[in-house]
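Fold and geometry: a report
As a plain string of letters, each chain reads:
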Amino acid sequence: MDIVNARNELREAVREKLGYGHEYSDEEVIDLIDDCILDSLSLRLLSVGEKRRIGKEVFDSLRRLDILQSFIEDRDVTEIMINGHENVFVEKAGALTRLDRGFESEEKLMDVIQQIVAGCNRTVNEASPIVDARLRDGSRVNIVLPPVALSGPTVTIRRFPEKPITMESLISYGSLSEETAGFLKTLVEAGYNIFISGGTGSGKTTFLNVLSGFIPSDERVITIEDSAELRLQGIQNLVSLETRNGGPGTEEISIRDLIRSSLRMRPDRIVVGEVRGGEALDMLQCLNTGHDGSMSTGHANSSRDMLSRLENMVLMAAELPLAAIRQQIASGLDIIVHLGRLRDRSRKVLNISEVRGYENGEISISELYGFIEEGYENGRVIGSLRKKGELENVEKLLRSGLSLG
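Treat the numbers as computed from the prediction; the structure is a model and nothing was measured. (Residues numbered from 1 in each chain as written. Predicted model: local features only at pLDDT ≥ 70, side-chain atom pairs only at ≥ 80, totals over all residues. Heavy atoms only, no water.)

1. Examining the sheet that holds strand β15 (residues 380–387)
Filter applied, for reference: Should DSSP find at least two bridges between two strands, the strands are regarded as paired. We count a stretch as a helix when DSSP gives it H or I for four or more residues in a row; a strand needs E for two or more, and each element gets its number in order from the N terminus. Lines fitted to the C-alpha atoms define the axes, with helices restricted to the stretch that makes contact. Angles between their N-to-C directions range from 0 to 180 degrees. The criterion used for residue contact is that any of the two residues' heavy atoms lie within 4.5 Å.
If you trace the nine strands from one edge of the open sheet to the other, you get β9-β8-β10-β11-β7-β12-β13-β14-β15, paired in mixed fashion. Whereas interior strands pair on both sides, the edge strands pair on one side only; in this sheet they are β9 (237–242) and β15. This sheet shows a mean twist of 25° between the axes of neighbouring strands, independent of strand direction. Here four bridges tie strand β8 (residues 220–225) to strand β10 (residues 269–272), and the two strands are oriented parallel to one another. Of the residues in β10, the one forming a bridge with Thr-223 is Val-271. Of the strands in this sheet, β8, β9 and β10 touch helix α10 (residues 255–262), which is tilted by about 170° from β8.

2. Notes on unusual backbone geometry
In this model, Pro-146 is joined to Pro-147 through a cis peptide bond whose omega is 5°. When you line up the elements, Pro-147 lands in the loop between β5 (140–144) and β6 (154–158). The backbone of Asn-121 shows a phi angle near 55°, a positive value even though the residue is not glycine. Within the secondary structure layout, Asn-121 lies in the loop between α6 (106–118) and β4 (130–134).

3. With respect to the environment of Tyr-369
Basically, it comes down to this: For each residue, the accessible area found with a 1.4 Å probe, counting protein chains only, is set against the maximum for its type, and the residue is called buried under 20%, exposed over 50%, and partly exposed in between.
Counting through the fold element by element, Tyr-369 comes out in strand β14 (residues 362–377). With relative accessibility at 4%, the residue Tyr-369 sits in the buried group. Along the sequence, Tyr-369 and Val-337 sit 32 residues apart, while their C-alpha atoms lie 9.4 Å from each other. If we ignore the near neighbours within four places in the chain, the residues touching Tyr-369 are Glu-179, Thr-180, Phe-183, Leu-350, Asn-351, Ile-352, Leu-385, Arg-386, Lys-387 and Lys-388.

4. Details of the nonpolar core
Our working definition: Within this scheme, the nonpolar core is defined by two criteria: the residues are buried Ala, Val, Leu, Ile, Met, Phe, Trp, Tyr or Cys, and they are joined through side-chain atoms within 4.5 Å.
Grouped together as the largest cluster of nonpolar side chains are 37 residues, with contacts concentrated most on Leu-176, Ile-194, Phe-207, Leu-211, Ile-335 and Val-337. Of all the elements in the fold, those that place two or more residues in this core are α7 (167–173), α8 (178–190), β7 (194–198), α9 (204–212), β12 (335–341), β13 (347–359), β14 and β15. Here this core gets six residues from one element, more than from any other, and that element is α8. Among all residues touching Ile-335, those that are not within four sequence positions of it are Leu-187, Tyr-192, Asn-193, Ile-194, Phe-195, Ile-352, Ser-353, Glu-354, Leu-368 and Leu-391. If you look at the next biggest cluster of nonpolar residues, it comprises 29 residues, including Ile-224, Ala-280, Val-314 and Ile-325.

5. A few points about the environment of Ile-382
Within the secondary structure layout, Ile-382 lies in strand β15. Look at Ile-382 and you get partly exposed, because its relative accessible area is 33%. Sequence-wise, Ile-382 and Gly-174 are 208 residues apart; in three dimensions their C-alpha atoms are separated by 9.6 Å.

6. Some thoughts on the sheet that holds β5
An order of β3-β2-β1-β6-β5-β4 is seen for the six strands of this open sheet, with the pairing classed as antiparallel. In this open sheet, the two edge strands, each paired with only one partner strand, are β3 (95–98) and β4. The mean inter-strand angle of the sheet, taken between neighbouring strand axes irrespective of direction, is 15°. Inspection of the sheet shows β5 paired to β6 by five bridges, in the antiparallel sense. Note that in β6 the partner of Val-144 across the bridge is Thr-154. Most of the contacts of α6 go to β4, to which it runs at about 65°, and overall it touches β1 (77–83), β4, β5 and β6.

7. Things to note about the environment of Glu-311
As for its position among the elements, Glu-311 is in helix α12 (residues 303–317). Taking the C-alpha atoms as reference points, Glu-311 and Ala-323, twelve residues apart in sequence, are found 9.9 Å from one another. Sequence-distant contacts of Glu-311, defined by excluding residues within four places in its chain, comprise Leu-322, Ile-325, Arg-326, Ile-329 and Ile-363.

Here you go:
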């Protein structure tokens, strides 16, 4: 008997024994699987390793996330992509591979999807086919269902390291230099408002986590996210807020709602996981009302492009004069850190810029550090962050008693 047929036979035998009317614990299900293997002559002929393998696969299909479970448990897997129940891709060590098997049916994939969203009090269905969720380990999940997803239920799972990445880790990866790491550490401690920009998969959330680690431990910090991913370390007075989808009997709670509520919580700093819409206006109001040292992220192709995108986001929320919007951005933001993913798939800090103010109808920014590519060897981009200019606004440094020297 081949492994596929053995797995199917075992799964059907266990399902028949489970029946209805009794809630089985995980341990009881494992015992049932062992009993079914012993009861079947063909299954008994399998090797010990094969029995263990299909036993786990059947248990995962009944009580865990089916074929995804082994990859969720593999800490080297960084991304899982499901394009309909038959097409599953896994990224490991930077290489994307299609699995040789998918879910047994679209119904089974939908069962797994509902299990995921129920675990974080979210809902997804044909009427509301798009949702952001998370797994128990903090992995980020995006789900899109038909009729929006034409190829069937589509799930993208972004994994995060078991141990939080530190600034030392980023330096060892070559993402930035010790000089720029020290520079950013000082700016965070001094209370500069920092915005992290970059494309999809450039490492914005990871970098925000790392920078947040430099916030003084005695400050009160409020984090606001669509689905909780940030893992701030060492903050004693920490409040984490997460949005909620609307539904029958439940009211939608948006990032805008959470930002407004956070202002009544007496925060020292507010960290918004990502702005992508009208909440940019509320975030800027936070930055302009004394919450120094606040941080956020957004999608953009460059630091200058991030400013344009923020303008458009604010216009989504209110019909304000462009000059007023630009003045708000210029007075609220201090530093933009732009990240990118190079052609060798490495993630690096490409640019650190200072927002210097509003002049002649435009936001003035100046590059402080820029990544210079020096070559390409053995499939790796060679280069380094070079200093391009000096920080002009040193007022917050002076107030905090810190210096860049």
